[in-house]
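Close look at the chain arrangement
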Amino acid sequence: MKPFTRPELRPALYLEEEQKLWREMLAGDVTAYEQLIDRTYDLLFHYGTKFNSDRELIKDCIQDVFLGVWEKKDALNSEIPPKPYLLASLRRRLHRLASRLRMDCMDYYNETDIVFDLEFSAEYQLIESENDSLLASRMTEMLNELPKRQKEAIFLRFYNDMEREEIALVMDIQPQSVSNLLQEAFKFIKSHWKAIVSLVLALPF
Amino acid sequence: MDRYRDFSLGEFVWDKSFRNWVLNPTREDDETWQNWLDAHPDKREIVERARQLVLSIRPANASLSNPEKRKAVERIVERLEARNLDRSEEGHAPWYAGRVVRIAAMLVLLAGFGWLFWLRHQQPKVIGYDQLVAAAKVEMREVVNTTAQPLPVDLEDGSRIVLDPGSRMSYPAHFNGTPRGGGKREVFLSGKAFFDIAKDPARPFFVYANELVTKVLGTSFTVRSFANEQEVSVAVKTGKVAVFSREDPDATDKQISRELTGMVIEPNQQVVLVRKTVKITKSLVPEPEVVAEAGAAPHFEFDETPVSAVFSALQSAYGIDIIYDKNVMDECPITATLTEMSLYEKLDLICKAVDASYKSIDGRIVVEGKGCRNN
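Reading guide: rules and limits
Residues numbered from 1 in each chain as written. Chains lettered and ligands numbered in written order. Predicted model: local features only at pLDDT ≥ 70, side-chain atom pairs only at ≥ 80, totals over all residues. Heavy atoms only, no water. Helix = DSSP H or I, 4+ residues; strand = E, 2+ residues; numbered from the N terminus. Buried < 20%, exposed > 50% of the residue type's maximum accessible area, 1.4 Å probe, protein only. Areas by Shrake-Rupley, 256 points an atom, 1.4 Å probe, with all protein chains shown as cover. Phe/Tyr/Trp six-rings, centres within 6.5 Å; stacked < 30°, edge-to-face > 60°. Lys NZ or Arg CZ within 6 Å of the ring centre and 35° of its normal. Pairing = 2+ DSSP bridges. Salt bridge = Lys/Arg side-chain N within 4 Å of Asp/Glu carboxyl O. Contact = heavy atoms within 4.5 Å. Buried area = accessible area lost by both parts, 1.4 Å probe. Polar contact = N/O pair within 3.5 Å; in protein donor to acceptor, adjacent residues only side chain to side chain. Nonpolar A, V, L, I, M, F, W, Y, C, P; charged D, E, K, R; others polar. Axes fitted to C-alpha atoms, helices over the stretch in contact; angles between N-to-C directions. Parallel < 35°, antiparallel > 145°, perpendicular 65-115°, else oblique. Patch = residues over 30% accessible without salt bridge, like charges linked within 9 Å, V, L, I, M, F, W, Y side chains within 5 Å. Lys, Arg positive; Asp, Glu negative; His and termini not counted. Charge placed at Lys NZ, Arg CZ, Asp CG, Glu CD. pLDDT = per-residue confidence, 0-100.

Structural notes on the overall build of chain B
Within chain B, the regular secondary structure consists of 11 helices and 19 strands. In chain B, which comprises 375 residues, the proportion classed as buried is 42%. Surface exposure of chain B reaches about 21000 Å², of which carbon and sulfur atoms provide 52%.

What follows is the structure, given as structure tokens:
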């Protein structure tokens, strides 16, 4: 077995800390503001690149999101979780930008044209067994076959540790719709998992 | 934690707590899982495989290097500070945030809106005969018909005007310009008159009747414009005239133009201007007359004639557009003698015969019917 490479441990109060930064920032603390940006920037950037491949445009949008937050800080609720709020603002901003660009081109595109587009990939050097590498590659293919909205829900839930209500806020849909998306994704994953596993080896599910 | 004892590889991979421990472990998570593994050493292998799968399958993220991120974050904070600085430099508040300035601005805005509102809702100016005559620059003659009979007035250019009782008209002693030499012929009317205007395309003839201006090149028509009536109307007998409102922003251009622009009306059509709203509508005169040249007097006797041919005969006789579906109406033959009937009586009869109906829309007649394939 490879040495157990473990990511850095987070302090237990990681999420609470984020909430604390958010509260302090809303109270006008610039240091908390900067820390909050620093902590959420990667997530926002990566999420943004799923909608648009223009890195500079995404950075500009994130900047607008944060400047907007500061501008509105007196009106914002200090108890809402900051991450979903920031992701939702970024998503809205990207949508608005896209529809403005669409109007400029005087071209008609569907609203669904601005979609979350995510590729999963597998890093095989992290896997010891060859069978599991094969399994990982099959799983990756399967995940990439998921419909885009299901992918987005999976991404937020399983890679960003978000709850149903938070995903609903980010994706601007009903919590029930989030449940439906996740359920469908799981039905798909489970049904394929069996086939994959039996194909790769007689591995127990 | 007991539920994990029978977890398969796949179940571990998609378990949220498990993933959290793998991807973003907290100290507490880690302790819990390590303790569980110590208690279940047989699970170590499957847990480790699941962990590797979770770690290896990730969304492909665009790379964002630390310096790049740092720069972006700093830029946001700088921008924020620059904004804050702008504000504090101007003292406590910018000049426009002061209470007095705000109230003043509000008052100015209100006054502006009030003015706009007043402009919009102001009654259109009602223009009368007296003002028009007073505004004329040349010496005027006035005829007033105080008799009970129509009064003919002959103008120097050969035009004849028949003035109805109770009406008056002003016209210049001499029209400016010469025949074919340019200029305008202008008269002012209050009341009702029939105009038979001598042709002179170089000198258009204008009738100013309250708010309505009628421009003709040579034709005959009736203008009705009594000061005490709500409507002004012009009905054409022969030729074409152009009518426009004095309020029309392009009125000057339309007067100057050698062509007939504005609302052009043709024989048997009329326009009515509602004085209060300055709204002009076009319609047919109440009793359209045959306009065809004398000598070619049309006869309206039809024998098994397709109804479409009947319509086209009426159309050329009255000079009125009749709109119908030729394909449908071709199938309907009628036999009828329609002489000695008014246009509307004729239309009533025809439509009854072929089970159609007609409407007068915008100075034209529109016939609708299903045809008579089954007749």
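Re the packing of aromatic side chains
The full count for this structure, using the stated rule, is 29 aromatic pairs over all chains. Judged by centre distance (6.1 Å) and plane angle (70°), the ring pair of B:F175 and B:F205 falls under edge-to-face. On the criterion of sequence distance, the pair formed by B:F175 in the loop between β5 (168-172) and β6 (185-196) and B:F205 in strand β7 (residues 205-209) is long-range, its members being 30 residues apart. Residue B:F175 is classed as buried on the basis of its relative accessible area, which comes to 7%. On the basis of relative accessible area, B:F205 is assigned to the buried category, the value being 0%. A network of ring pairs unites the aromatic residues B:Y4, B:F7, B:F12, B:F18, B:W21, B:W33 and B:W36 as a single cluster. The lysine or arginine in question, A:R157, covers the ring of A:F158, its NZ or CZ lying 5.8 Å from the ring centre.

A closer look at the pairing of strand β18 (residues 356-361) of chain B
Residue and element names in this part refer to chain B. In this sheet, strand β19 (residues 364-369) lies alongside β18 in antiparallel orientation, the contact comprising six bridges. Bridging from a neighbouring strand, S360 pairs with I365 of β19. Between β18 and β19, which pair antiparallel one after the other, the connecting turn spans two residues, and D362 there sits at a positive phi close to 55°.

Looking at the pattern of salt bridges
Pairs can form between side chains of opposite charge once their charged atoms are near each other. This structure, assessed with the given rule, holds 27 salt bridges over all chains. Of the charged contacts in the structure, one is a salt bridge between B:R3 and B:D15, with a shortest N-O distance of 3.1 Å. With B:R3 in the segment before α1 (9-13) and B:D15 in the loop between α1 and α2 (16-23), the pair connects residues that are 12 residues apart, well separated along the chain. Ionic pairing is found between B:R51 and B:E48, a salt bridge with its closest N-O pair at 3.1 Å. Here B:R51 pairs with B:E48, and both are found in helix α4 (residues 44-56), just three residues apart, close to one helical turn. B:E48 matches B:R51 in its accessibility class, with the two residues each being buried. Three or more residues joined by partner-sharing salt bridges are found here, namely A:E17, A:E18, A:R39 and A:K83.

Regarding the interface of chain A and chain B
Across the contact, 59 residues belong to chain A and 50 residues belong to chain B. Buried area between chain A and chain B, summed over both chains or domains, comes out near 5300 Å², and the portion from carbon and sulfur atoms is 59%. Taken together, the connections running from chain A to chain B amount to nine salt bridges. Between B:E68 and A:K59 there is a salt bridge, and its shortest N-O distance comes to 2.7 Å. Our count for the chain A to chain B interface comes out at 19 residue pairs in polar contact (both at pLDDT 80 or more). Every element with two or more residues in the side of chain A that touches chain B is listed here: α2 (30-49), α3 (55-71), β1 (120-122), α5 (130-144), α6 (148-159) and α8 (175-200) of chain A. Per-element accounting of the side of chain A that touches chain B gives the leading share, 10 residues, to α2(A). Counted by class, the side of chain A that touches chain B contains 35 nonpolar, six polar and 18 charged residues. Of the pairings in the sheet, the one linking β1(A) to strand β1 (residues 57-59) of chain B comprises three bridges and is antiparallel in character.

A look at the packing of α2(B) against helix α3 (residues 27-39) of chain B
Residues and elements named next belong to chain B. Running from N to C, α2 and α3 cross one another at 110°; their axes reach a closest spacing of 10 Å. The pairing of α2 with α3 is recorded here as roughly perpendicular in orientation. Where α2 approaches α3, its residues S17, F18 and W21 are matched on the opposing element by D29, D30, W33, Q34 and L37. Tallied by class, the residues present in the contact of α2 with α3 amount to four nonpolar, two polar and two charged.

Some words on a negative patch on the surface
Together, B:E287, B:E289, B:E345 and B:D348 give the surface a local cluster of negative charge. Secondary-structure assignment places B:E289 in the loop between β14 (279-284) and β15 (301-306).

Side note on the confidence of the model for chain B
Residues at a pLDDT of 70 or more form 86% of chain B, whose mean pLDDT is 80. Across the interface, the model reports ipTM at 0.80; the global pTM reads 0.48.

Here's the deal with the sheet that holds β19(B)
All names here are of chain B. One open sheet accounts for three strands, arranged β16-β19-β18; its pairing is mixed. Across the chains shown, the open sheet's two edge strands, defined by having one partner strand only, are β16 (322-323) and β18. Sitting on the sheet, helix α11 (residues 343-353) touches β18 and β19, and the angle it makes with β18 is about 150°.

Some words on α2(B)
Burial runs high along α2(B): seven of the eight residues are buried. You can read the cap of α2(B) off the contacts: a side-chain oxygen lies 3.2 Å from the backbone nitrogen of B:S17, and it is on B:D15.

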